[in-house]
Every structure is written in structure tokens, then in C-alpha cells.
Amino acid sequence: MEEMEEELKCPVCGSFYREPIILPCSHNLCQACARNILVQTPESESPQSRRASGSAVSDYDYLDLDKMSLYSEADSGYGSYGGFASAPTTPCQKSPNGVRVFPPAAPPPPAALAPPPPPRNACLTCPQCHRSLVLDERGLRGFPRNRLLEGVIDRYQQGRAAALRCQLCEKAPKEAAVMCEQCDVFYCDPCRLRCHPPRGPLAKHRLVPPAQGRVSRRLSPRKISTCTDHELENHSMYCVQCKSPVCYQCLEEGKHSSHEVKALGAMWKLHKSQLSQALNGLSDRAKEAKEFLVQLRNMVQQIQENSVEFEACLVAQCDALIDALNRRKAQLLSRVNKEHEHKLKVVRDQISHCTVKLRQTTGLMEYCLEVIKENDPSGFLQISDALIRRVHLTEDQWGKGTLTPRMTTDFDLNLDNAPLLQSIHQLDFVQMKVSSPVPAPPILQLEECCTHNNSATLSWKQPPLSTVQVEGYILELDDGNGGQFREVYVGKETMCTVDGLHFNSTYSARVKAFNKTGVSPYSKTLVLQTSEVDIKKMVAVAWFSFDPASAHADIIFSNDNLTVTCNSYDDRVVLGKTGFSKGLHYWELSIDRYDNHPDPAFGVARIDVLKDAMLGKDDKAWAMYVDNNRSWFMHNNSHTNRTEGGITKGATVGVLLDLTRRTLTFSINEDQQGPVAFENLEGLFFPAVSLNRNVQLSVLLNITKRWLPGPSRYFHLFIFLLTNLIPAILSPNKSPVFTKPGFGTSTLPPLAPPALHKCPGTS
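The following refers to the structure shown. (Residues numbered from 1 in each chain as written. Predicted model: local features only at pLDDT ≥ 70, side-chain atom pairs only at ≥ 80, totals over all residues. Heavy atoms only, no water.)

## Looking at the overall build of the protein chain
Along the protein chain, the regular secondary structure elements total ten helices and 37 strands. Counting every position in the protein chain, which comprises 763 residues, the buried fraction comes to 38%. Considering only residue pairs separated by 6 or more positions, the protein chain has 63% of its internal contacts joining residues 24 or more positions apart. Approximately 45700 Å² of the protein chain is accessible, and the part contributed by carbon and sulfur atoms is 55%. (Helix = DSSP H or I, 4+ residues; strand = E, 2+ residues; numbered from the N terminus. Buried < 20%, exposed > 50% of the residue type's maximum accessible area, 1.4 Å probe, protein only. Contact = heavy atoms within 4.5 Å. Areas by Shrake-Rupley, 256 points an atom, 1.4 Å probe, with all protein chains shown as cover.)

## A look at the sheet that holds strand β10 (residues 185-187)
As summarised here, the arrangement of the three strands in space is β10-β9-β11, forming an open sheet in which the pairing is antiparallel. Edge positions in the sheet fall to β10 and β11 (207-208), since each has one partner strand and no second. The pairing of strand β9 (residues 178-180) with β11 spans two bridges and is antiparallel. Note on β11: the bridge partner recorded for Cys180 is Leu207. (Pairing = 2+ DSSP bridges.)

## Concerning the sheet that holds strand β14 (residues 261-263)
Here we have three strands laid out as an open sheet, ordered β13-β12-β14, and antiparallel in their pairing. Only two strands of the sheet have a single partner each, and these edge strands are β13 (244-246) and β14. Along the sheet, successive strands turn relative to each other by an average axial angle of 40°, direction set aside. Taken together, the three bridges between strand β12 (residues 237-239) and β13 define a ladder with antiparallel strand orientation. (Axes fitted to C-alpha atoms, helices over the stretch in contact; angles between N-to-C directions.)

## Observations concerning unusual backbone geometry
Trans is the common state for peptide bonds, and a negative phi is the common state for residues other than glycine. Phi is positive for Asp560, close to 55°, though the residue is something other than glycine. As for its placement among the helices and strands, Asp560 is situated in the loop between β24 (555-558) and β25 (563-566).

## Examining the nonpolar core
One finds Phe602, Leu657 and Leu664 to be the most contacted residues of the largest nonpolar core, which totals 38 residues. Residue assignment for this core shows that the elements contributing at least two residues are β25, β27 (584-594), β28 (601-605), β29 (621-626), β32 (652-658), β33 (663-668), β35 (686-691) and β36 (695-699). Looking at which element gives the most residues to this core, the answer is β27, with four residues. The residues touching Leu664, leaving out its near neighbours within four places in the chain, are Val604, Trp622, Val655, Leu656, Leu657, Val676, Ala677, Phe678 and Leu681. Counting residues in hydrophobic clusters, the runner-up holds 24 residues, among them Leu23, Leu29, Cys30 and Cys33. (Core = buried A, V, L, I, M, F, W, Y, C linked by side-chain atoms within 4.5 Å.)

## Topic: helix α8 (residues 377-397)
Here α8 contains 21 residues, and its C-alpha end-to-end distance of 30 Å stays within 8% of the 30 Å for a straight helix at 1.5 Å per residue. Of all the bends in α8, the greatest, near 40°, is centred on Ser384. All of the buried residues in α8 are Ser384, Leu387 and Thr394. Where α8 is buried, its residues touch α7 (264-373). (Expected span 1.5 Å × (residues − 1). Bend = angle between axes of the 7 residues up to and from the residue.)

## A look at the pairing of β28
β28 sits mainly inside the fold: five of its five residues count as buried. Burial along β28 is two-sided: Ala601, Gly603 and Ala605 facing one way and Phe602 and Val604 facing the other are all buried. Sheet topology places β28 next to β29; five bridges connect them, and they run antiparallel. When the sheet's bridge partners are listed, Phe602 is paired in β29 with Met624. Sheet topology places β28 next to β35; five bridges connect them, and they run antiparallel. Counterpart to Ala605 in the pairing with β35 is Phe686.

## Here we look at the state of the cysteines
Considering all chains together, one arrives at zero disulfides under this definition. As a non-bridged cysteine, Cys126 has Cys129 as the owner of its nearest cysteine sulfur, 3.6 Å distant. The exposure class assigned to Cys126 is buried, which follows from its relative accessible area of 1%. (Disulfide = S-S within 2.5 Å.)

## Some words on the packing of α7 against α8
For the pair α7 and α8, the least separation of the axes is 11 Å and the interaxial angle reads 155°. In terms of orientation, α7 lies roughly antiparallel with respect to α8. The crossing of α7 and α8 is left-handed. Contacts between α7 and α8 involve Lys357, Thr361, Leu364, Tyr367, Cys368, Val371 and Ile372 from the former and Phe380, Ile383, Leu387, Arg390, Val391, Thr394 and Gln397 from the latter. (Parallel < 35°, antiparallel > 145°, perpendicular 65-115°, else oblique. Left-handed = near helix turned anticlockwise from the far one by under 90°.)

## Observations regarding the packing of aromatic side chains
Aromatic rings in a pair are described by how distant their centres are and how their planes are angled relative to each other. For the structure shown, the criterion picks out ten aromatic pairs. Seen in terms of ring centroids, Trp460 and Tyr489 are 6.4 Å apart; in terms of plane orientation they differ by 50°. Their pairing is tilted. Residue Trp460 is located in strand β17 (residues 455-461), and its partner Tyr489 is located in strand β19 (residues 486-491); the two are separated by 29 residues in the primary sequence. Judged by its relative accessible area of 1%, Trp460 is buried. Site record: aromatic cluster; members linked through ring pairs are Phe544, Phe546, Phe580 and Trp587. (Phe/Tyr/Trp six-rings, centres within 6.5 Å; stacked < 30°, edge-to-face > 60°.)

Structural data, given as C-alpha cells:
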């Protein structure tokens with residue numbers, strides 16, 4: 001209610017309206033205020049006479065906005081919005097509301113001195129829109145009184161009075177909580193529960209808040225307004241052209257004979273409905289404004305929080321630069337200290353060397369002087385030649401360069417700090433510019449999306465009509481079991497092959513685009529099915545390639561990572577890219593080169609197996625190592641089951657991993673090598689080999705024969721039917737899939753992301 005107060009105050013006096021009148025411009029004035037700002041103008045200077053004569057106009061004629069006739073039928077005798085009628089020299093004042101108010105003209109001179117006054121017109125200027133109105137012979141009585149505004153002001157002033165009290169409290173009445181419209185009584189909560197229980201006939205009574213009840217109690221019977229021209233007649237009709245109520249006498253006099261006239265009650269309801277509809281739109285705007293203010297207040301708080309966060313980030317960045325500079329300073333000082341120690345060592349070594357040599361030279365000189373002092377010619381000649389040679393040899397040792405310092409005292413180091421200082425001086429904030437909108441969701445190209453074995457190839461493109469620049473794409477896959485999505489590729493390519501997925505699993509894939517502005521919505525989700533088990537072949541032939549990322553640095557790859565060798569005489573380990581955690585898997589490796597009878601190892605391993613020792617040396621690998629005559633099984637450096645029969649160039653080693661029975665078995669040239677090598681295997685396993693430079697191995701892709709240990713052939717067939725085919729029959733596909741023929745059932749490591757490959761086309 002407090003926001004409405006300005007609507008209830010006069011623009012001239014700044015107080016609540018008293019006896020308000022409605023001007024033709026729809027603004028209101030107190031009747032007394034309107035009388036105070038009337039301006040008397042000679043008839044010859046009225047706006048109409050000036051327009052008729054074409055005489056010069058005053059500086060205020062820009063307010064002459066309405067060119068309607070003074071006494072046209074549309075004006076209904078209320079006057080027009082003519083030009084400003086006061087003299088240009090009349091000073092203006094300001095009301096308490098800040099609008100311009102023109103005071104009445106100065107009093108006339110004494111009658112004895114003044115000439116006879118010419119006829120004058122009364123002119124009134126609206127202080128809000130500054131439109132000038134010339135009054136007719138009725139004066140201010142020609143403007144209707146705004147009784148509706150008076151009623152609103154009365155209710156508003158009463159609403160600001162003291163709080164209403166309960167009418168049933170005997171002592172110290174409490175503040176009223178509700179009012180019963182039927183009983184017309186104000187109740188506090190205890191009295192309402194005691195005297196007005198919500199049951200029986202009282203349950204149908206309508207209880208309203210005290211303020212609303214006070215307003216409804218104050219609403220008096222509607223006052224019937226009278227006509228301004230015929231004070232004894234009530235308004236009963238409404239003139240649509242004049243937009244004012246009229247009485248029957250006005251109609252009989254013919255003032256509105258050519259106008260459309262309607263019943264006052266019908267127009268009242270119509271205009272109320274129109275005002276309500278207009279208020280609905282305004283209410284929506286007010287609601288939006290309130291939400292906008294909340295948003296702005298939240299922005300203030302967010303700006304403060306971001307400022308603190310940004311300051312902390314700036315301090316951290318500067319501290320990081322200072323730390324980096326201190327670390328570099330320590331490194332440079334270390335180099336200076338090394339140079340210092342080196343120079344001192346060289347000079348001290350030279351001092352020591354020269355000191356020893358000088359002592360030897362001095363001793364030789366003293367010895368020669370003593371020999372010269374001897375008087376025995378024969379004895380002197382016996383040693384003179386040798387002494388002469390020694391003296392010349394010693395002199396030659398002090399030859400060129402011997403007495404030259406090997407090290408200078410200057411440090412040949414010059415710190416080039418100019419680029420860094422320039423960078424520090426140029427260190428500044430980068431203003432983020434408004435960029436293009438976020439990209440549209442990419443479209444998956446179903447005809448190019450497919451799966452092969454445990455790999456999936458996906459292709460996508462931007463919508464044909466999209467013009468927004470795209471900087472890259474993010475491809476996401478779930479875990480093959482309806483779990484959360486995770487990123488498997490980020491880049492600019494529009495096609496990607498993901499390896500290392502679970503065999504016989506259903507994956508959901510989606511892609512989104514991004515640029516500097518933000519990230520697009522996701523594309524539609526595509527469901528893909530990896531390869532299932534080939535029942536006719538009874539065993540899943542596991543296809544894989546070796547993984548350079550996890551291999552030892554000495555391993556040499558070729559033939560699309562299907563062939564490996566080594567450049568070291570020590571054993572080095574390399575793993576396959578595909579991991580297995582369930583099902584039956586068989587793969588073969590051919591011996592392409594075998595020199596000097598080495599002993600390569602074949603088997604399976606965990607992802608974190610030792611890479612610089614023979615396979616099976618630690619507890620992360622299960623292997624068979626073999627030479628040209630015999631083989632052994634090894635796990636955790638324990639050697640067991642020596643078996644006759646070795647390998648040569650061209651031999652084939654088979655590995656059968658049965659995770660249904662949790663066993664590992666080996667074969668050489670399709671014959672089982674020894675008993676079941678390992679049992680109770682559980683978890684995730686990768687194909688693995690270890691070899692040195694004397695061996696070269698290759699993964700065989702086209703396996704034409706299948707090997708299984710004799711009696712277990714039918715057992716494996718039964719297990720596959722039980723674990724793969726029957727669940728596949730009982731579990732229908734969730735949605736269309738895109739597949740290519742493949743084999744095997746395996747799983748991706750639960751924590752390791754799939755291997756990624758950019759590919760030019762589908763596989």
C-alpha cells in the first residue's frame with residue numbers, strides 16, 4: 001500500500017488530494033490548488049485569438065500540443081488543451097513534487113490609476129503535462145469532481161490507523177486475527193476458537209484478515225454522482241465520444257445527439273473488465289521486475305564472491321610466479337656455485353702442480369750448484385752430461401703455457417633477464433570479449449556408426465544450417481551397464497573409434513560441441529552392441545593388438561602393433577590392448593624369429609605388471625616360458641610343471657583363458673603343453689608376453705583351427721550356452737543397434753578409460 005501513496009498526492013501542494021477535480025488531460029488537482037494557479041489573460045491574448053490573428057507566440061508555445069477547438073463537441077464544454085496563456089515574464093515555481101507551477105497574475109493597480117480592464121479569460125496549466133486549458137464561464141465548476149479518488153484516499157488513510165482489536169475480549173483487548181464477514185465481528189485467536197468454532201452453521205462463515213475486513217466494513221453504499229451541468233440530475237448514461245457520464249437532461253438538450261450513448265452500468269462493468277485485463281499485464285511486468293531485482297541483488301552477492309575468488313586466484317598466480325622465480329633463482333645460484341667450485345678446483349690443482357714442480361726445480365738447481373763447486377774433474381764429467389739433460393728437460397717442462405693460468409677469474413655467465421622483465425611489465429588482464437553463441441547439438445550419422453569385436457566407431461556432423469563456429473567435440477560413453485557417462489574423446493575430429501570396450505555389451509553414446517562461449521546440448525543418444533559369442537566355433541577368438549602405451553621402452557612394434565620384438569638382451573614385457581574379465585578366450589602367437597635359444601614367456605597379466613623382468617617373476621602375471629626343448633609354468637617367481645617340447649621358428653603358441661572355470665591352459669602347435677597351468681583366476685587380465693632381441697612374435701588374426709583340451713570341448717559349449725546365449729534370448733535389445741560381425745565376450749577395465757583412435761572412416 002505504501003507504494004500507492006504518491007498516486008494519492010496533489011502535484012501542487014504535495015499533500016493528499018482535497019476535493020480533487022479531473023482535468024481534461026486526465027490528471028487531478030485539488031480544487032483549492034487549481035484556483036491558486038489560475039492565470040487571467042486578456043481575451044485578445046488568449047491562445048485562440050493569437051492563433052486566429054497569427055501574431056507572435058511566447059516562449060512557452062511549445063506546450064501548445066493540442067489543436068482541438070475550444071468549444072468542440074468532443075470537449076463537452078470543459079475547455080481545450082490550448083497554448084500557454086500566461087505572460088512569458090511570469091516567473092515559475094516548483095511544487096513539493098518537483099513539477100513546475102505558475103502562480104496567479106499580480107494584483108491589478110488601483111482603480112483610479114488603471115484604465116478600464118479589457119475582458120479577460122481564465123487559463124489553467126496542468127502542472128504535470130504542462131497543457132494549457134482555457135476555462136469557460138463555469139470556471140472550475142466545469143471540471144468533474146473525482147469522488148472515486150476521494151474514497152481511495154479515505155480508505156488508505158484509515159488503513160494506516162492503529163491495529164484493530166478483538167471485539168469480544170473483556171479486558172485488554174488483543175489484536176484481532178480475523179474478521180467474520182457474516183457476523184461483522186473482529187476476533188483474536190482465543191476468542192475465535194471459543195466463540196466462533198469452525199463447525200455447525202458457523203463453518204460456512206467467511207473469515208478474512210482484519211485489514212481486508214476493515215476495508216469491506218468501510219465500503220459504504222455507492223454514491224450517486226450528479227451532472228456538472230444539471231446538479232439535480234444523476235448520471236445515468238455514458239457518452240462514448242466524449243468519454244464522460246451524462247444525464248437524461250443533457251441528452252434531451254441535444255448536446256450528444258450524434259454521439260454513441262450507452263448505459264452507465266454496462267460501461268462501468270466494461271471498463272472495470274478492461275482495467276482488470278490491463279492490470280494483469282502490468283502485474284506480469286511488475287512480477288518480472290521483482291524477479292529482475294532479485295537477480296540484480298544476487299548479482300551483487302555473486303560479484304562480491306567472484307571478487308574474493310578472483311583476488312585469491314590472482315594472489316595464487318602471482319605467488320606461483322614468485323615461487324617459480326625463486327626456484328629458478330636457486331637453480332641459477334646452483335650453477336654459479338658449481339662454476340665457482342670448478343674454477344677454484346682448477347686453480348688449486350694448478351697451484352699444487354706448480355708448487356711440486358717448483359720444489360723439484362729448486363732442488364735440482366741447488367744440487368747442480370753444489371756439483372759445480374766440486375774440484376774433481378773426472379767425477380764431474382761422469383755426471384755432467386746427465387745433469388745437463390735433466391736441466392734442459394726441466395726447463396722444457398716450464399715451457400709455453402705452463403706459467404699461464406688455466407682459469408680466468410671472471411664468470412663467463414650473463415643472466416638474460418630482459419625478456420622476463422618485459423613480460424612482467426606486460427603482465428595484464430585479458431578482457432573477455434563477447435563471442436558467438438554456443439553451437440547447436442551435433443547430429444550422429446547412423447549410417448557410419450558401427451561396432452566390430454569390442455570396438456565402436458562413431459561419426460557425427462554439425463546441423464546443415466548451423467553457422468556457429470565449433471572448436472571441438474566431446475564424445476561420451478556409458479560403462480556398458482547403464483551407468484554414468486564419461487568422456488572418451490575430446491578434439492576437432494568428427495569420427496572416432498573407441499577400443500577396449502566390453503564384449504557382448506550395450507553401450508550408449510552421445511556427443512556435444514563446444515567453443516569459447518560454451519558447450520552445446522547433447523546429441524541424441526545412440527545405442528551400440530559389441531560383438532557376441534560365435535557358438536559354432538565354440539570358443540571366442542580374442543582379437544587384439546599390442547599396446548605401445550603400457551609397454552617397456554625397449555619393445556619395438558610393427559605391422560600395426562601386431563608384431564613385437566626387443567632391442568635389449570634382457571626380457572621385456574608387452575601387454576595386449578584388450579582386457580578380459582568373463583567368458584572363454586583363445587588367441588595364438590606365431591614365432592617369426594628365434595635365435596640363440598632364448599626363452600620367451602606367454603600368458604596373462606594385470607595392467608600394473610613389472611615390465612623389465614620375465615613374465616611371471618611377480619605376482620601380477622601367470623605365464624609359460626619355453627625354450628627349444630622344454631617349458632615351465634611361472635607365477636610369482638615360482639617355477640612348476642617342467643614339460644618336454646619346445647619352440648622353433650614358425651611355431652605357434654596358443655593361450656586359452658577360461659574365466660568361466662577360472663583356468664589358464666597353453667598349447668604349442670595345437671597340442672596342449674602340460675596340464676592346466678593355473679586355476680582360480682579371477683579379475684581383469686590382459687594378454688601378455690615377454691621377450692628379448694632374439695625373438696620376434698606376431699598375433700595371428702586368421703585362425704583356421706580351434707584347439708581345446710579334448711574332454712572339455714563339450715563342457716565349454718554348455719557353459720557358453722548357459723552364460724551367453726540364454727541371457728541374450730531372455731534380454732531383448734533396448735533399442736536399435738549397429739553392429740559388424742565379431743567374436744568374444746569381455747569387459748573393459750572398470751577404472752581405465754577405453755583406448756582412443758581417430759580414424760578416417762568406418763572399420
